[in-house]
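One letter stands for each residue in the lines below.
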Amino acid sequence: MDAKEIVTFIKELERLKETTRSAYTKKGRRESVAEHSWRLAMFALALKDELEGLDMNKVIQMCLVHDLGEAYDGDISATVKVNHDKKIKKEEKGVERLTDALPEENQSAILTLCKEYNKGETSEAKFVKALDKMETIIQHTQGTNPPGFDYEFNLTYGKEYELDHPLMKQVRKLIDLETKNKIDEGKP
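All values reported here derive from a predicted model rather than from experimental measurement. (Residues numbered from 1 in each chain as written. Predicted model: local features only at pLDDT ≥ 70, side-chain atom pairs only at ≥ 80, totals over all residues. Heavy atoms only, no water.)

A. Just the overall build of the protein chain, in detail. In terms of helices and strands, the protein chain carries 9 helices and 2 strands. Along the protein chain, helices and strands appear, N-terminal first, in the series α-α-β-β-α-α-α-α-α-α-α. Its C-alpha atoms give the protein chain a radius of gyration of 17 Å, near enough to 16 Å, the size a compact globule of 188 residues would have. Viewed in the frame of its principal axes, the protein chain has a C-alpha envelope of about 60 × 35 × 30 Å. Split into buried and exposed, the 188 residues of the protein chain put 44% on the buried side. Sequence separation of at least 24 residues holds for 66% of the intrachain contacts in the protein chain that already meet a minimum separation of 6. About 11,000 Å² of surface is accessible on the protein chain, with carbon and sulfur atoms providing 52% of the total. (Helix = DSSP H or I, 4+ residues; strand = E, 2+ residues; numbered from the N terminus. Rg over C-alpha atoms; globule rule 2.2 N^0.38 Å. Buried < 20%, exposed > 50% of the residue type's maximum accessible area, 1.4 Å probe, protein only. Contact = heavy atoms within 4.5 Å. Areas by Shrake-Rupley, 256 points an atom, 1.4 Å probe, with all protein chains shown as cover.)

Okay, structure coming up:
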């Protein structure tokens, strides 16, 4: 890899700083994809000694690359019904485009991680998917959301990715409790 390739790639990554998600920060600003991916990686890092048998290096890498495909077409809220296969295909094309300046080996490694995450079959992908959903819910309860925000959605969001691990069950229980508190705050 030469200097120009890496600088071109890093410059292209700025798109993710400016690509917003449907979640809001405490100050009411829409969160960026880059912010979400960073916090997801930190979530995984904080849990690195809690779950045995996972390749944590792969987990952290997967956290950082899982939404790269949103660089060109943006984030689609989980509440919006779309054709999942078309969405994944479009995002994988986005990853190819985003990593185009990199040598083939590097580009392939990043795309392989994204595809592994999208399939959700390995232990690492299942873990990252579970954390991804929980991080999103945490942002929903932590953020200053617009009136009429659907907190009820959070109570079922990502349940299919729950991990059979005592700590992860406790984390999800706490997140659900925070969601229920938000729902109760909004009741007359």
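Continuing now.
B. Up close: the layout of surface pockets. What the largest pocket holds in volume is close to 820 Å³. If you go around the largest pocket, you meet 34 residues; those closest to its centre are Ile76, Ser77, Ala78, Lys133 and Tyr157. Contributions of two or more residues to the lining of the largest pocket are made by strand 1 (20-24), helix 6 (84-98), helix 7 (104-119) and helix 8 (123-142). The element best represented in the lining of the largest pocket is helix 8, accounting for 5 residues. Counted by class, the lining of the largest pocket contains 11 nonpolar, 11 polar and 12 charged residues. Taken as a whole, the second largest pocket holds about 370 Å³ of empty space. Every element with two or more residues in the lining of the second largest pocket is listed here: helix 1 (3-12), helix 2 (14-18), helix 3 (33-46), helix 4 (56-65) and helix 7. Among the elements that line the lining of the second largest pocket, the one with the most residues is helix 3, at 4 residues. Tallied by class, the residues present in the lining of the second largest pocket amount to 12 nonpolar, 2 polar and 2 charged. (1 Å grid on protein atoms, 1.4 Å probe; cavity = no way out; pocket = protein on both sides within 12 Å on 5 of 7 lines; lining within 4 Å. Points joined across faces, edges and corners; volume = space filled by probe spheres on them. Nonpolar A, V, L, I, M, F, W, Y, C, P; charged D, E, K, R; others polar.)

C. View of the nonpolar core. Within the largest apolar cluster, 39 residues are counted, with the highest numbers of intra-cluster contacts made by Val59, Ile110, Phe127, Leu131, Met134 and Met168. Those elements giving two or more residues to this core turn out to be helix 3, helix 4, helix 5 (70-73), helix 6, helix 7, helix 8 and helix 9 (166-185). (Core = buried A, V, L, I, M, F, W, Y, C linked by side-chain atoms within 4.5 Å.)

D. A look at empty space enclosed by the protein. Using the criterion set out here, one finds 2 cavities of 30 Å³ or more in the structure. In this structure, the largest cavity encloses a volume near 70 Å³. Around the largest cavity sit Ala130, Lys133, Met134, Gly158, Glu162, Leu163, Met168, Lys169 and Arg172, which together line it. Counting only elements with at least two residues in the lining of the largest cavity, the list comes to helix 8 and helix 9. The residue inventory of the lining of the largest cavity, partitioned by class, reads 4 nonpolar, 1 polar and 4 charged. What the second largest cavity holds in volume is close to 40 Å³. Taken together, His66, Gly69, Glu91, Glu92, Val95, Cys114 and Asn118 make up the full set of residues lining the second largest cavity. Of all the secondary structure elements, the ones that give two or more residues to the lining of the second largest cavity are helix 6 and helix 7. At 3 residues, the largest contribution of residues to the lining of the second largest cavity is made by helix 6. Looking at the lining of the second largest cavity residue by residue, the classes come out as 2 nonpolar, 3 polar and 2 charged.

E. Seen up close, a nonpolar patch on the surface. On the surface, a nonpolar cluster with roughly 360 Å² of combined accessible area is contributed by Met1, Ile6, Val7 and Ile10. Its location among the elements puts Val7 in helix 1. (Patch = residues over 30% accessible without salt bridge, like charges linked within 9 Å, V, L, I, M, F, W, Y side chains within 5 Å. Salt bridge = Lys/Arg side-chain N within 4 Å of Asp/Glu carboxyl O.)

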